[in-house]
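In case you want the letters, here they are:
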Amino acid sequence: MAEREAYALRSEVSGWEARQGAERGRLIFAAIAVLALICAPFAVYPVFLMKVLCFALFACAFNLLLGYGGLLSFGHAAYYGTAAYIAAHTIKVWGLSPELGLLAGTLASALLGLVVGWLSIRRAGIYFAMITLAFAQMIYFFALQAPFTKGEDGIQAVPRGYLFGVIDLRPDLTLYYLILAIFLFGFYVVYRTIHSPFGLVLKAIRENEPRAISLGYRTERFKLATFVVSAALAGLAGAATVLVFQLASLTYVHWQTSGEVVIMTLLGGMGTILGPFVGAIVVVTLQTHLAAFGAWLNIILGAIFLACVLLFREGIVGIAQKRLKKLL
Amino acid sequence: MRLGLVCASALALLLSAGPSVADKSPVKIGVLNDQSGLYADLSGLGSVEAARMAIEDFGGKLFGAPIELVHADHKNRADLASTIAREWFDNSKVDAIADLTASSVALAVQELARERSKFAIHTSGATSRLTGDACSPTGVHWAYDTYALANGTARALVAEGQDTWFFLTADYAFGHSLEKDTGAMVEKMGGKVLGAVRHPLDNQDFSSYLMQAQASKSKMIGLANASSDTLNAIRQAKEFGLVSMGQRLAALLLFITDIHAVGLEAAQELVLTTGFYWDRDEKTRAWSERFNKRRGHMPTMIQAGTYSAILHFLKAVEAAGTKEPKAVMEKMRAMRVDDFFGNGGYLREDGRMVHDMYLVRVKKPGQSKGPWDYFEVIRTIPGDEAFRPMKDGGCKYVKN
């Protein structure tokens, strides 16, 4: 009896220790990663890095919905693009400061996410995907027609301006650290959402919705909340892109952008916290550095995606995690 | 004390001499366009080849170093184009970026080049804003623009007696501006616009729009759209028998590669304005045959324009003896564009290259002697008449 108790205690202690160890390992890893990101612009072209970070945040937001909520939205470009247009318009035409522009864009996307989410979570699976796609197409045609978006010319020459009225954002390096801060903030929001009781309920809903309902959870509220957070973060990414490139164009609301974020997430590893980040790095790097290959780039990307889906469905990070666990 | 004075004055001399030292570092040119999408045929790798030919014809070397050429596909995405252009300007020491398909891309790179005092050589962007409110002291707009296309076609046709118009307009900014510009010219010439119908972008079925056009009984149907939309409208107008029943079509933006794609059977009798036609004279034929040998098709006005613009740019850099933007632009404006494309054209202060435009009619299948023998030049529009007068553009730095 006493032996068994002692054993239980021992295993509990070692479990706690292991958790502590994992927690410590994660912290060390995070610190190294942040340090690397802080040093990165001295080695790599900052504008390119900013683009990676913006897309990574976009993919993280998408992954929250797909990887943890189990909801495949096929129209996430709508939130990304809406925020971009709102931010570009408020900064350029209304003369708002960059932080207010970011905020306005993010809020607009959150609001749009609330409306679209409220309507679309009533259905699941392919129907859900189609409803989100339909709304995204509506946003696309709205952006094509509305006078303030300037049609296919896009809103151009958006000033980067001064953060809080004092910090000049025109140098690429200064802007990089703002974008990095925005990315880390967004990443932390996703991380906290997943590693909270809320996130656990979300996973439960993903795995077995009827059981979650039978346990007394109002699943539609959880899904809607996730949808809104995801839309808002996608919007934040879109608004940040405007500061980087100083423009908002139709590409941002085009369905191809929605498709691209799906590819990034699946390639990097759906349902892993780092997957979308890695996926964004791979896709943006290929796009930028293989641009001289023209049409071949599409074929290369397609082949990589195919290989990923056929050979390692967990994505790059998913398979890396598995291998690392085997090693340990 | 005296030493200090000498040092100070030497330093001052050195500093003042600094900016006037000619920048004779190697010249690097980038071609940034759509190489895999909608515009790949009319610009794409053909423009890259044209740029390569310009560099070869120039001699391949400037300031004792080879002229470098880089190219990339921007997939008609302004953000991707912006990343690549920034990297080229900031890191890869690219001096000039040419082609720039899609107006969102053209306007974005125009801004980047202006900020950095680098050269933006527009040969495919159609929007006349590039020499209007978005003009830049280091941006040039070479081959054509929406104003010249609308103006050339409408003016000639109304003068010919085709004075009632109906528009089939793509429902977005580009279509609206083409319709507006053309309509204004029709009315200015004493013609009448009977109406217009808007169709969505990338439309497949034009039947209901064509019925409305038919019902308007206008003499002309203006196609204020582009690429696949124009081609679909032309094909279906043929099927509906609009042309055989006496109405005529005017395409407001169409390239020779589009005609090649749709075929003469459907496109015959179509009237359009172009900045270049390969079979116009001895010089255009000679160059176009060379191009054809390398690429396997005849050049569009964009590709011919890219060759002409880059060659002129290189000549101006050589004549200026420096890459300093102001000096180069001065030379570019001072020198006439004396090649098969420019035909003695000149560069205006707002960046517009003024050259003759050509009103052409698409031949009937029986008249054509072979592949690429598609156009009959019915009128040469003098440059000063073809392009928007500088004072109407609204370019900020131009003093009127």
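**Q** What am I meant to see in the overall build of chain A here?
**A** Assigned secondary structure in chain A consists of 13 helices and two strands. Relative to its length of 328 residues, chain A is compact, with a C-alpha radius of gyration of 21 Å against a globular reference of 20 Å. Counting only C-alpha atoms, chain A reaches 80 × 45 × 45 Å along its principal axes. Expressed as a percentage of its 328 residues, the buried residues of chain A come to 49%. Considering only contacts within chain A whose residues lie at least 6 apart along the sequence, 76% involve residues at least 24 apart. For chain A, the computed accessible surface area is about 15900 Å², with 71% contributed by carbon and sulfur atoms. The centroid of the 24 positive side-chain charges in chain A is displaced by 4 Å from the centroid of its 15 negative side-chain charges.

**Q** Mind showing me how you'd approach the state of the cysteines here?
**A** In a disulfide, the sulfur atoms of two cysteines are covalently bonded to one another. Tallied over the full model, the rule gives one disulfide over all chains. One disulfide bridge connects B:Cys135 with B:Cys395, the sulfur atoms lying 2.0 Å from each other. Taking the torsion about the sulfur-sulfur bond, which here is approximately 85°, the covalent link between B:Cys135 and B:Cys395 counts as right-handed. Of this pair, B:Cys135 sits in the loop between β6 (119-122) and β7 (139-141) while B:Cys395 is found in the segment after α15 (390-393), placing the two residues 260 residues apart along the sequence. A:Cys39 takes part in no disulfide bond, and the closest cysteine sulfur to it belongs to A:Cys54, at a distance of 20 Å. Unpaired in this structure, A:Cys60 has its nearest cysteine sulfur neighbour in A:Cys54, at a distance of 12 Å.

**Q** What's the story with the confidence of the model for chain B in this structure? I'm lost.
**A** The predicted coordinates ought not to be read in detail in places where the model reports low pLDDT. On average, residues of chain B score 90 in pLDDT, and 94% of them are at 70 or above. Segment residues 13-19 of chain B is flagged for pLDDT under 50; beyond a separation of four residues in sequence, or across chains, it makes zero contacts in the model.

**Q** Would you mind going over the interface of chain A and chain B with me for this structure?
**A** Accessible area lost on assembly of the parts is the figure often given for the size of an interface. Of the residues lining the interface, 33 residues belong to chain A; the matching set on chain B comes to 32 residues. For the pair chain A and chain B, the summed buried surface comes to about 2700 Å²; carbon and sulfur atoms form 53% of the total. Per-residue buried area on chain A facing chain B is highest for A:Tyr45, A:Glu152 and A:Asp153; these three make up 23% of the total on that side. On inspection of chain A and its partner chain B, the count reaches two salt bridges. Between B:Arg77 and A:Glu260 there is a salt bridge whose closest N-O contact spans 2.9 Å. On the surface where chain A and chain B come into contact, there are 14 residue pairs in polar contact (both at pLDDT 80 or more). Contributing elements (two or more residues each) for the side of chain A that touches chain B: α2 (46-68), α5 (125-145), α9 (219-245), α11 (275-289) and α12 (295-311) of chain A. Taken together, the residues that form the side of chain A that touches chain B break down as 15 nonpolar, eleven polar and seven charged.

**Q** Please clarify how empty space enclosed by the protein should be interpreted in this entry.
**A** Any space left empty among the atoms is revealed by the rolling of a water-sized probe across them. Residues and elements named next belong to chain B. On inspection of all chains with the given rule, the structure shows two cavities of 30 Å³ or more. Taken as a whole, the largest cavity encloses approximately 60 Å³ of empty space. Along the walls of the largest cavity sit Leu-254, Phe-255, Ile-256, Leu-272, Thr-274, Phe-276, Tyr-277, Trp-278, Pro-299, Thr-300, Met-301 and Phe-375, which together make up its complete lining. Counted by class, the lining of the largest cavity contains ten nonpolar, two polar and no charged residues. Of the volumes computed, that of the second largest cavity is approximately 40 Å³. Considering the residues around the second largest cavity, the lining is formed by Thr-131, Asp-145, Arg-348, Asp-350, Arg-352, Phe-387, Arg-388, Pro-389, Met-390 and Gly-393. Looking at the lining of the second largest cavity, its residues break down into three nonpolar, two polar and five charged.

**Q** Looking at this model, I keep getting lost on the side chain of B:Asp350. Mind explaining?
**A** Residues and elements named next belong to chain B. Locating Asp-350 in the fold gives a position in the loop between β13 (346-347) and β14 (353-354). In this structure Asp-350 comes out as buried when scored by relative accessible area, which is 1%. Looking at Asp-350, its side chain comes within polar contact range of the side chain of Arg-348, at 3.0 Å. There is a polar contact of 3.2 Å between the side chain of Asp-350 and the backbone nitrogen of Arg-352. Residues contacting Asp-350, with those up to four places away along its chain left out, are Leu-130, Thr-131, Cys-135, Met-390, Cys-395, Tyr-397 and Val-398.

**Q** Even after reading the chapter, I still don't get the sheet that holds strand β1 (residues 28-33) of chain B, so can you show me in this structure?
**A** The strands that make up a sheet are held in pairs by hydrogen bonds between backbone atoms, and each pair lies either parallel or antiparallel. Residue and element names in this part refer to chain B. Taken in spatial order, the five strands make up an open sheet running β4-β1-β5-β6-β7, and their pairing is parallel. Two strands bound the open sheet, and with one partner strand each, they are β4 (68-73) and β7. The average undirected angle you get between the axes of adjacent strands in this sheet is 20°. Relative to β4, helix α2 (residues 44-58) is tilted by about 175°, and along the sheet it contacts β1, β4 and β5 (96-99). Of the strands in this sheet, β1, β5 and β6 are in contact with helix α12 (residues 301-320), which crosses β5 at around 155°.

Reading the values: the criteria
- Residues numbered from 1 in each chain as written.
- Chains lettered and ligands numbered in written order.
- Predicted model: local features only at pLDDT ≥ 70, side-chain atom pairs only at ≥ 80, totals over all residues.
- Heavy atoms only, no water.
- Helix = DSSP H or I, 4+ residues; strand = E, 2+ residues; numbered from the N terminus.
- Rg over C-alpha atoms; globule rule 2.2 N^0.38 Å.
- Buried < 20%, exposed > 50% of the residue type's maximum accessible area, 1.4 Å probe, protein only.
- Contact = heavy atoms within 4.5 Å.
- Areas by Shrake-Rupley, 256 points an atom, 1.4 Å probe, with all protein chains shown as cover.
- Lys, Arg positive; Asp, Glu negative; His and termini not counted.
- Charge placed at Lys NZ, Arg CZ, Asp CG, Glu CD.
- Disulfide = S-S within 2.5 Å.
- pLDDT = per-residue confidence, 0-100.
- Buried area = accessible area lost by both parts, 1.4 Å probe.
- Salt bridge = Lys/Arg side-chain N within 4 Å of Asp/Glu carboxyl O.
- Polar contact = N/O pair within 3.5 Å; in protein donor to acceptor, adjacent residues only side chain to side chain.
- Nonpolar A, V, L, I, M, F, W, Y, C, P; charged D, E, K, R; others polar.
- 1 Å grid on protein atoms, 1.4 Å probe; cavity = no way out; pocket = protein on both sides within 12 Å on 5 of 7 lines; lining within 4 Å.
- Points joined across faces, edges and corners; volume = space filled by probe spheres on them.
- Pairing = 2+ DSSP bridges.
- Axes fitted to C-alpha atoms, helices over the stretch in contact; angles between N-to-C directions.

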